[in-house]
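# Structural overview
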Amino acid sequence: MNVRIESSWKRVLNDEFEQKYFKELTQKVKELYLNNTDKIFPKGADIFRAFDLCPFDQTKVIILGQDPYPTRGHAHGLSFSVNDHVKPFPKSLKNIFSEINNDIGKPFPENGNLSRWAEQGVLLLNAVLTVEEGRPDSHKGIGWEQFTDSVIKMLSTQKEHLIFMLWGAKAGQKRRLIDEGKHKVLYSVHPSPLSAYRGFFGCKHFSKANDYLLMNKLTPIDW
């Protein structure tokens with residue numbers, strides 16, 4: 001499994017990588033890819049892509065997802081994002097673009113690849129970083145949650161004026177890891193079609209995030 005992680009994250013997470021649970025997690029994930037190479041998503045080289053595209057030092061916004069899309073060809077290591085060719089957009093992503101359109105007037109993009117956000121300082125982090133084809137939550141409980149909880153805690157502890165977008169009950173549980181005296185938490189229901197009409201539409205998280213960045217003399221995100 002060819003995994004890389006950007007150097008500032010490697011520095012911050014170095015102690016975490018030495019933990020017993022992480023070594024066990026690494027072994028489990030290697031075995032999963034070895035035994036089901038074409039059925040585990042994303043590709044091994046993309047597992048840490050969210051970190052690779054959004055260095056620790058440049059992170060301004062964190063959007064927390066659940067686990068990668070379990071549909072072949074969709075997941076590429078960024079929460080809610082899909083590869084360039086994927087059409088139609090997954091329904092949650094379509095609802096995100098709809099809210100952006102209603103909130104700040106930006107038209108729907110040509111593709112659902114959110115690398116353009118990551119490169120501006122948006123960490124598109126899933127709570128679980130791998131999944132088996134057709135089986136959402138299939139890698140829940142193997143150790144990823146402990147790792148990504150540590151990532152959230154380190155961001156909260158070591159940085160200031162971050163924005164955490166927490167959508168849905170599972171993401172909302174991570175609120176306990178965040179120092180809200182230093183950071184901005186934007187919470188709503190999940191953008192899934194099952195819940196978006198109960199508060200995601202109209203949440204205005206994208207304009208609120210940019211207002212907070214500007215207030216703290218930081219460059220807003222071009223959503």
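In case you missed it, the structure is sitting above this.
Structure report, in brief. Everything quoted here is computed from the prediction, not taken from an experiment.

The rules we used
- Residues numbered from 1 in each chain as written.
- Predicted model: local features only at pLDDT ≥ 70, side-chain atom pairs only at ≥ 80, totals over all residues.
- Heavy atoms only, no water.
- Helix = DSSP H or I, 4+ residues; strand = E, 2+ residues; numbered from the N terminus.
- Expected span 1.5 Å × (residues − 1).
- Buried < 20%, exposed > 50% of the residue type's maximum accessible area, 1.4 Å probe, protein only.
- Contact = heavy atoms within 4.5 Å.
- Phe/Tyr/Trp six-rings, centres within 6.5 Å; stacked < 30°, edge-to-face > 60°.
- Lys NZ or Arg CZ within 6 Å of the ring centre and 35° of its normal.
- Core = buried A, V, L, I, M, F, W, Y, C linked by side-chain atoms within 4.5 Å.
- Salt bridge = Lys/Arg side-chain N within 4 Å of Asp/Glu carboxyl O.
- Polar contact = N/O pair within 3.5 Å; in protein donor to acceptor, adjacent residues only side chain to side chain.

Right, let's talk about unusual backbone geometry for a bit. Between phenylalanine 41 and proline 42 the backbone carries a cis peptide bond, its omega angle lying at -5°. Relative to the helices and strands, proline 42 is located in the loop between strand S1 (40–41) and helix H3 (49–53). In the segment running from lysine 87 into proline 88, the intervening peptide bond is cis, with an omega of -10°. Mapped onto the fold, proline 88 is located in the loop between strand S2 (61–65) and helix H4 (91–104). For histidine 161, which is not glycine, the phi dihedral falls at a positive 60°. Locating histidine 161 in the fold gives a position in the loop between helix H6 (144–158) and strand S5 (163–167).

Spanning 15 residues, H6 covers 21 Å between terminal C-alpha atoms, matching the ideal 21 Å at 1.5 Å per step. Along H6, the residues classified as buried are Trp144, Phe147, Thr148, Asp149, Ser150, Val151, Ile152, Met154, Leu155 and Ser156. Along its buried surface, H6 packs onto helix H1 (7–17), helix H2 (20–35), H3, S2, strand S3 (122–126) and S5.

The next thing to look at is the packing of aromatic side chains. Enumeration over the complete set of coordinates arrives at 21 aromatic pairs. Three or more aromatic residues joined by ring pairs make a cluster, and in this case those are Trp9, Phe17, Tyr21, Phe22, Phe48, Phe51, Phe56, Trp144 and Phe147. Over the ring of phenylalanine 56 we find lysine 159; its NZ or CZ atom is 5.3 Å from the centre of that ring.

Buried residues of helix H8 (residues 205–215): His205, Phe206, Ser207, Ala209, Asn210, Tyr212 and Leu213, and no others. Contact partners of the buried residues in H8: S2, H4, helix H5 (115–118), S5 and strand S6 (184–188). A positive phi of about 60° marks lysine 217, the residue just after H8.

Take the nonpolar core next. As a rule of thumb, nonpolar side chains are buried together in soluble globular proteins. Phe51, Trp117, Phe147 and Trp223 are the most contacted members of the largest nonpolar core, which has 72 residues in total. The dominant element in this core, judged by the number of residues it contributes, is H6, at 6 residues. When near neighbours in sequence (up to four residues on either side) are disregarded, phenylalanine 51 contacts Ile5, Glu6, Trp9, Leu13, Leu123, Leu125, Leu129, Phe147 and Val151.

Under the criterion given, the structure shown has 10 salt bridges. A salt bridge links glutamate 18 to lysine 23, with the shortest nitrogen-to-oxygen separation between them at 3.4 Å. Where arginine 176 meets aspartate 149, a salt bridge forms, and the shortest distance between an N and an O atom there is 3.5 Å. Separated by 27 residues along the polypeptide, arginine 176 in the loop between helix H7 (169–172) and S6 and aspartate 149 in helix H6 bring together distant segments of the chain. A single salt-bridge network, built from bridges that share partners, covers Asp149, Lys174 and Arg176.

Here threonine 148 is to be found in helix H6. Since its relative accessible area comes to 1%, threonine 148 is described here as buried. A distance of 2.8 Å separates the side chain of threonine 148 from the backbone oxygen of alanine 127, its partner in a polar contact. Sequence-distant contacts of threonine 148, that is, excluding residues within four places in its chain, are made with Leu125, Asn126, Ala127 and Leu129.

Everything listed is a geometric property; what it means functionally is a separate question.
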